[in-house]
Amino acid sequence: MLFAAGGIAFADGSGDPASVKKTDQGEYFDKQGNPTYKIQPDGTVDWYTYSGYRRYHSTCHVCHGPDGMGSSYAPALKNSLNTMSYGEFLSIVASGRKNVSTSQDNVMPAFGNNPNVTCYLDDIFVYLRARSDDALARVRPAKHEDKTPAYVKAEDSCMAAKH
């Protein structure tokens, strides 16, 4: 979750996704301090990846297509996260973005006031990072780590603060 990350790292999503640190909320971070995924050899994903899958498909897929593959309305986030920094991702989702040219008029609305998105920004980023690295297939993860009590507490706090 955004508030649990403790700050914004500047490395891009294409960096080494290997997790080097896990928090009590069950969130993994890479050596640059970016949220990342952890997939066990048996296919079990971390809670953030699983939650990100669910959150992405409840809001983002409408424009960006199933599994981050893009659509005629919006780009494939699976590809975008190969070069987009964590900070840039947070900024675009929170504030929106407008790409207007003679051939296109694409507008990403701001989701900064939507708790169903803002309380799960890290989850969504982690899921898309796993997709962009081809570490996760185009399916709902069959097995996942449990949601930690610390995650539940942070989630409840975020949702209460946003309402």
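Note that this is a predicted model, so its numbers are computed, not measured.

A. Spatial organisation of the pattern of salt bridges. Under the criterion given, the structure shown has seven salt bridges. Taken together, the shared-partner salt bridges in this structure form one network comprising Arg55, Lys147 and Glu155.

B. Molecular detail of the confidence of the model for the chain. Here the chain averages 82 in pLDDT, while 84% of its residues score no lower than 70. Element-level pLDDT for the chain is lowest in helix H1 (residues 2-5), with a mean of 39, against a maximum mean of 94 in strand E3 (residues 35-36).

C. Broad picture of the packing of helix H2 (residues 47-64) against helix H6 (residues 121-132). Contact pair H2 / H6: the axes reach a minimum separation of 7 Å and the direction vectors enclose 100°. Classed by the angle they form, the pair H2 and H6 counts as roughly perpendicular. Of the residues in H6, those touching H2 at Tyr48, Thr49, Ser51, Gly52, Tyr53, Arg55, Tyr56, His57 and Cys60 are Asp122, Asp123, Ile124, Val126, Tyr127, Leu128 and Ala130. Here the residues of the contact of H2 with H6 are counted per class, giving nine nonpolar, four polar and three charged.

D. Local environment of the state of the cysteines. Within this structure, the stated rule accounts for one disulfide. Note that cysteine 119 is cross-linked by a disulfide to cysteine 158, the S-S spacing being 2.0 Å. On the sign convention where negative is left-handed, the bridge of cysteine 119 and cysteine 158, at about -90° about the S-S bond, is left-handed. Taken as a pair, cysteine 119 in the loop between helix H5 (115-118) and H6 and cysteine 158 in helix H7 (residues 149-162) lie far apart in primary sequence, 39 residues in all. Judged by its relative accessible area of 0%, cysteine 119 falls in the buried class. Take cysteine 158: its relative accessible area is 7%, and that puts it in the buried class.

E. Representation of the nonpolar core in the model. Grouped together as the largest cluster of nonpolar side chains are 30 residues, with contacts concentrated most on Tyr56, Leu81, Phe89, Leu121, Ile124, Tyr127 and Leu128. Broken down by secondary-structure element, the contributors of at least two residues to this core are H2, helix H4 (86-95), H6 and H7. In terms of residues, this core owes the most to one element, H6, which gives seven residues. Aside from chain neighbours lying at most four places away, what touches tyrosine 127 is Thr49, Gly52, Tyr53, Tyr56, His57, Asp67 and Leu136.

F. Looking closely at the environment of aspartate 67. The topology assignment puts aspartate 67 in the loop between H2 and helix H3 (77-80). Spatially, the C-alpha atom of aspartate 67 lies 9.6 Å from that of leucine 136, the residues being 69 residues apart in sequence. Dropping the residues within four chain positions of it, aspartate 67 is found in contact with Tyr53, Tyr56, His57, Lys78, Tyr127, Arg131, Arg138 and Val139.

G. Inspection of the packing of aromatic side chains at higher detail. As enumerated under the stated definition, the model contains seven aromatic pairs in all. Judged by centre distance (6.1 Å) and plane angle (80°), the ring pair of tryptophan 47 and tyrosine 151 falls under edge-to-face. Of this pair, tryptophan 47 sits in helix H2 while tyrosine 151 sits in helix H7, and the two are 104 residues apart along the sequence. Note on accessibility: tryptophan 47 and tyrosine 151 belong to one class, buried.

H. Examining the packing of H4 against H6 more closely. The N-to-C vectors of H4 and H6 enclose an angle of 125°; their axes lie 11 Å apart at closest approach. As summarised for this structure, H4 and H6 are arranged oblique, according to the angle between their axes. Read as a crossing pair, H4 and H6 show a hand that is right-handed. Along its contact with H4, which presents Tyr86, Phe89, Leu90 and Val93, the element H6 presents Leu121, Asp122, Ile124, Phe125 and Leu128. Broken down by class, the residue content of the contact of H4 with H6 amounts to eight nonpolar, no polar and one charged.

Reading the values: the criteria
Residues numbered from 1 in each chain as written. Predicted model: local features only at pLDDT ≥ 70, side-chain atom pairs only at ≥ 80, totals over all residues. Heavy atoms only, no water. Salt bridge = Lys/Arg side-chain N within 4 Å of Asp/Glu carboxyl O. pLDDT = per-residue confidence, 0-100. Helix = DSSP H or I, 4+ residues; strand = E, 2+ residues; numbered from the N terminus. Axes fitted to C-alpha atoms, helices over the stretch in contact; angles between N-to-C directions. Parallel < 35°, antiparallel > 145°, perpendicular 65-115°, else oblique. Contact = heavy atoms within 4.5 Å. Nonpolar A, V, L, I, M, F, W, Y, C, P; charged D, E, K, R; others polar. Disulfide = S-S within 2.5 Å. Buried < 20%, exposed > 50% of the residue type's maximum accessible area, 1.4 Å probe, protein only. Core = buried A, V, L, I, M, F, W, Y, C linked by side-chain atoms within 4.5 Å. Phe/Tyr/Trp six-rings, centres within 6.5 Å; stacked < 30°, edge-to-face > 60°. Left-handed = near helix turned anticlockwise from the far one by under 90°.

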